[in-house]
Each structure stands twice: as C-alpha cells, then as structure tokens.
Amino acid sequence: MHLCEENSDLSCMCITTYASLPGYVPDQILEASLEDSFRCVSLNQNQQRNSSLAKNQQLGVPVTAREIVLRKCGQTEPIQFSQCFTDSLLQNCQKIGEGVYGEVFLLRNPDGGTSVLKIIPVEGDQIVNGERQKKFEEVLSEIIITIELSNLRHNKRNGISSFTEVQKIQCVQGTYPEKLIDLWDLFDETRGSENDCPDTFKEDQLYIVFQMAYGGKDLESFFFINAMQAYSMFQQVALGLAIAEEELQFEHRDLHWGNVLISTVETNKIVSFTLENKTYNIPTIGVEVAIIDYTLSRIEHDGVVIFNDLGLDPDLFTAEGDYQFDIYRLMQEKNRNNWKDFEPFSNLLWLHYILDKAILGLRYKSPKSKIHKTYLRKLKNLKDDILSYQNVKDFIVANLLDI
C-alpha cells in the first residue's frame, strides 16, 4: 500500500506507520491531528519523522496500521472469531468463492437479507495459498477504498449504488470455525478448491472480515436474456466508474468479468445516479450491477493518494491467453509504469474489455431475437468508439446520457 500527499515534495513510499493519514479516523479531532502530522513528515529526515510520531503517541493519535484498521472496524482489539460468527449464525451459510487472499462465504442473515463474507488472514507468518499473508498496512488500503466507494450511495453531488455495499468490517482472531471448515470441505468436494484448507490456522491468527451486501453472480456465470440487458449492465458499470472518477479520482485497475456482479431484479426497476448534482435514471431491464474487489485500485481521498504499485509485480504483465491480461500491459504502457498518478484511461480500457466480453463471451438465452441483434450492434459501436476518449465521464456524456 502506498500513500502520498498530492502536490507535495514528498516521495511515495510503503508506509508502515500511519501517523500521516488524514481523514482515515472517524473522530474529527484525530483527523486534524493526523493531517497536521502528515504535513511535517519528511521521508529524508528521519529525526523529524520520529519526533512527529512521538508527538502523536503523546497525543493519543494512532501511529500504527493495526490501530487504524481497528478504528475502521470500530474496535480497540481483535474479537474472537467464534464470538463474531457463532455456530447458530453460520447454520445458513455456504462457501461461494475463493482467491489467493482467502475465502468467500454467503451468509443468510436470521433477520432477513443475504451477506457475503470475505475472510482474509493477515499478519501471520504462515504461508497461505502459496503467498505470504498481507500486513495491516496492505489491507488498510482495501478497507478505505471499499468504504469510500460504498459511501457514494449517500453522496448528493456524485452518487451511485453500483459499488458493493459495506455492512460491516471486523478484525477477528482465532482458529477457523468448524462450521466454515465443513463448508470449505464441501466446496472442495463438489467444485474443487485451489486454496489451502484453513484448518491449519492457530489461535493467534488474525483476519479481516468484510461483510458486504450480496451482489449476485459474476458476469462469466450469469445468463442474460438478450443484449438489451447487457447494454443496461454496461451503462451501470460505466456510470459507476464515471462518478467514482469524478468524486475520488478512482481507477479500478482490475475490472475483469469476475469483479462485475449481476443480480436479477424486477424488469421495471430504475437505478438512479447523480453526476455533478444532476440526476439520471437507468432502466435496469431486470439486471442490477455491483462492482467489487478493489485490491489493485487507486483513489484520492482528503488530498491523499491510496494505491498499489503494480510495477512491483512484474508477473502481472506477462500472462497470456485472455484480453484481460492485455489490459494490464496497456495500462502500464499508458501510465509509463507510474501507478501513483491518476490516469482515467485505465477505466476506459476495462470498459473496452467488458464490451468485448458482452459481444463475444456472455451467455444469452435469446441470441437470435431481433432485440438482441439490435443491442449487440449498439455494443459493437460503443466498443469501436470508446478508446477515442480520455476519461469515462466524457464518454458517457457523449454516448450514454441520452437515456
């Protein structure tokens, strides 16, 4: 995780102490103290930096990533895993996915509604799924970006609900609950898992648990009726990116079709969004979008840039076999391997990828219908045109706001 102040002489670095983060602690007094300390930090003057940290410790300001993560979770210490997720709560639960980061479970809440649990082991020495565990400072970026994008649904100037809704984020500790181990085994038996079984974690293992609203199936597995629905899907994704660009200087940087979720809704449902105080309505045609997974993403919040330096992972740019892997190289070519600065063209590249999937890769129930062919042509026209723009806002103003 990298953070640096815009328009500053400071260089970017991986920061392991976080007295320098403005705006990441809910308490406004702490925010002001953090901001003041950030402006006096110099990466070339260790004595000044250490003095600043010592001053913050005296003031009671959190100076470690652990403390800020706990504050974001509304906690002062990790909670026992078994205390947060009791056997009775996990009775209506199933594993639905996984990644190198950890496991994903679907939880049907006793009071109604469905949540997704994304469980990430952190801070341990044990190698998990062939990778070292994330440190608090690395997972903090995803926590902040996830919260800020979720909060766009409450923003009056630039607002949209296309980003996954955060219900709760918790820091827990302990062995994996037996019920979740059983569900992991069932997933492995029926679908096959590429992950290590989490039954090896010890009592001192820490985890970050993202609890989010269920967003539906990913693009790869969803069956659309026709390309008219795919066109609505694309509108919703593009508008979400445009608004996040405008409000947060956001780049997703990893928007493959596993990170766009689709839920089935009433065909007459309308999704509203606001761009620069003007409200627009999108017909869903029965499909609603949720954009997920901000591990590689970039935002600017309260004058601080939060990003991951993808240039430190050269393997990301060498994979072959799908247009997805070309997009990483095209991003790198466009930004000249500078992952700090805002380059909204990356979002256009991912939208071009999604259009490509909509035309060639999505599954349709009525591919021979007239309406399907009409909207397939529209998608092809958008694909031919989209890379002539520099940002998503200009693209949607020219192509999508006639709705």
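Worth saying up front: this structure is predicted, and the values here are computed from it rather than measured.

### Considering the pairing of strand 8 (residues 206-213)
Step number 1: Of all eight residues making up strand 8, seven are buried, and the element is well covered by its neighbours.
Step number 2: Where strand 6 (residues 114-122) meets strand 8, eight bridges bridge the pair, whose relative direction is antiparallel. The residue of strand 8 that forms the bridge with Ser 115 is Ala 213.
Step number 3: Note: strand 7 (residues 166-173) against strand 8, seven bridges, orientation antiparallel. Directly across from Val 172, in strand 8, lies its bridge partner Tyr 207.

### Here's the deal with the pattern of salt bridges
Step number 1: Evaluation of the coordinates by the stated rule reveals 16 salt bridges.
Step number 2: A salt bridge links Arg 329 to Glu 320; the nearest nitrogen and oxygen atoms lie 3.7 Å apart.
Step number 3: Its relative accessible area of 21% is what places Arg 329 among the partly exposed residues.
Step number 4: Because the salt bridges share partners, they merge into one network encompassing Lys 118, Lys 134, Glu 142 and Asp 293.

### A word on helix 9 (residues 345-360)
Step number 1: Along its 16 residues, helix 9 runs 23 Å from first to last C-alpha, staying within 8% of the 22 Å computed at 1.5 Å per residue.
Step number 2: The element helix 9 is extensively covered by neighbouring structure, given that 15 of its 16 residues are classed as buried.

### Things to note about unusual backbone geometry
Step number 1: A positive phi angle is found at Arg 253, which is not glycine, with a value near 75 degrees.
Step number 2: Inspection of the secondary structure puts Arg 253 in the loop between helix 7 (227-248) and strand 11 (260-264).

### Observations regarding the environment of Asp 87
Step number 1: Inspection of the secondary structure assignment puts Asp 87 in the loop between helix 4 (81-84) and strand 4 (93-99).
Step number 2: Measuring from C-alpha to C-alpha, the distance between Asp 87 and Glu 178 comes to 8.4 Å, with 91 residues separating the pair along the chain.

### A few points about the sheet that holds strand 6
Step number 1: With respect to topology, six strands assemble into an open sheet ordered 3-7-8-6-5-4, the strand pairing being mixed. Two strands lie at the open edges of the sheet, namely strand 3 (79-80) and strand 4, each paired on one side alone.
Step number 2: One ladder, built from six bridges, connects strand 4 with strand 5 (residues 102-108); its direction is antiparallel. By the bridge assignment for strand 5, Glu 98 is matched with Glu 103.
Step number 3: Sitting on the sheet, helix 5 (residues 136-150) is in contact with strand 6, strand 7 and strand 8, with an inclination near 15 degrees to strand 8.

### What about the packing of helix 7 against helix 9?
Step number 1: Close contact between helix 7 and helix 9 brings their axes to 11 Å; oriented N to C, the two are set at 175 degrees. Considering their axes alone, helix 7 and helix 9 lie roughly antiparallel with respect to each other. Contacts from Ala 230, Met 233, Phe 234, Val 237, Ala 238, Leu 241 and Glu 245 in helix 7 reach Asn 347, Leu 351, Ile 354, Leu 355 and Ala 358 in helix 9.
Step number 2: A class-by-class count of the residues in the contact of helix 7 with helix 9 yields ten nonpolar, one polar and one charged.

### Digging into the UniProt feature "binding site: ATP" (unreviewed entry) in the protein
Step number 1: On the UniProt side, "binding site: ATP" (unreviewed entry) is annotated at positions that read Lys 118 here.
Step number 2: Lys 118 sits in the buried class, given a relative accessible area of 8%.

### Concerning the confidence of the model for the protein
Step number 1: Averaged over all residues, the pLDDT of the protein equals 87, while 84% of them reach at least 70.
Step number 2: Low pLDDT, under 50, characterises residues 6-54; the predicted model gives this stretch 98 contacts beyond four residues in sequence or across chains.

### Details of the side chain of Asn 335
Step number 1: Among the structural elements, Asn 335 can be located in helix 8 (residues 323-335).
Step number 2: Using a relative accessible area of 10% as the deciding quantity, one classes Asn 335 as buried.
Step number 3: Polar contacts involving the side chain of Asn 335 include one to the main-chain amide nitrogen of Asn 337, which spans 2.7 Å.

### Observations concerning the nonpolar core
Step number 1: Within the largest apolar cluster, 90 residues are counted, with the highest numbers of intra-cluster contacts made by Ile 208, Phe 234, Val 237, Phe 250, Leu 379 and Ile 396.
Step number 2: Looking at which element gives the most residues to this core, the answer is helix 7, with 13 residues.
Step number 3: Those residues in contact with Ile 208, other than ones at most four positions away along the chain, are Val 69, Lys 118, Ile 119, Ile 120, Val 122, Phe 136, Val 139, Ile 143, Ile 169, Gln 170 and Cys 171.
Step number 4: By size, the runner-up hydrophobic cluster in this structure holds 20 residues, among which are Leu 107, Leu 180, Trp 184 and Tyr 207.

### What to know about helix 3 (residues 65-72)
Step number 1: All buried positions along helix 3 are accounted for by Ala 65, Ile 68, Val 69, Leu 70 and Lys 72.
Step number 2: Those residues of helix 3 hidden inside the fold are in contact with helix 5, strand 7 and strand 8.
Step number 3: Two residues or fewer past helix 3, Gly 74 is found with a positive phi of approximately 70 degrees.

### Thoughts on the pairing of strand 6
Step number 1: Judged by how many residues are buried, strand 6 sits mostly within the fold: eight of nine residues are covered.
Step number 2: Of the strand pairs in this sheet, strand 5 and strand 6 are connected by six bridges, and their pairing is antiparallel. Within strand 6, the position partnered with Phe 105 by the bridge is Leu 117.
Step number 3: Taking the residues that link successive antiparallel strands as the turn, the strand 5-strand 6 hairpin has five residues, and the phi of Gly 112 there is positive, at about 100 degrees.

### Some words on the state of the cysteines
Step number 1: Under the defined criterion, the tally for this structure stands at zero disulfides.
Step number 2: Left unpaired, Cys 171 is separated from the closest cysteine sulfur, that of Cys 73, by 5.9 Å.

About the cut-offs
Residues numbered from 1 in each chain as written. Predicted model: local features only at pLDDT ≥ 70, side-chain atom pairs only at ≥ 80, totals over all residues. Heavy atoms only, no water. Buried < 20%, exposed > 50% of the residue type's maximum accessible area, 1.4 Å probe, protein only. Helix = DSSP H or I, 4+ residues; strand = E, 2+ residues; numbered from the N terminus. Pairing = 2+ DSSP bridges. Salt bridge = Lys/Arg side-chain N within 4 Å of Asp/Glu carboxyl O. Expected span 1.5 Å × (residues − 1). Contact = heavy atoms within 4.5 Å. Axes fitted to C-alpha atoms, helices over the stretch in contact; angles between N-to-C directions. Parallel < 35°, antiparallel > 145°, perpendicular 65-115°, else oblique. Nonpolar A, V, L, I, M, F, W, Y, C, P; charged D, E, K, R; others polar. UniProt positions renumbered as here; feature names shortened; annotations may be inferred. pLDDT = per-residue confidence, 0-100. Polar contact = N/O pair within 3.5 Å; in protein donor to acceptor, adjacent residues only side chain to side chain. Core = buried A, V, L, I, M, F, W, Y, C linked by side-chain atoms within 4.5 Å. Disulfide = S-S within 2.5 Å.

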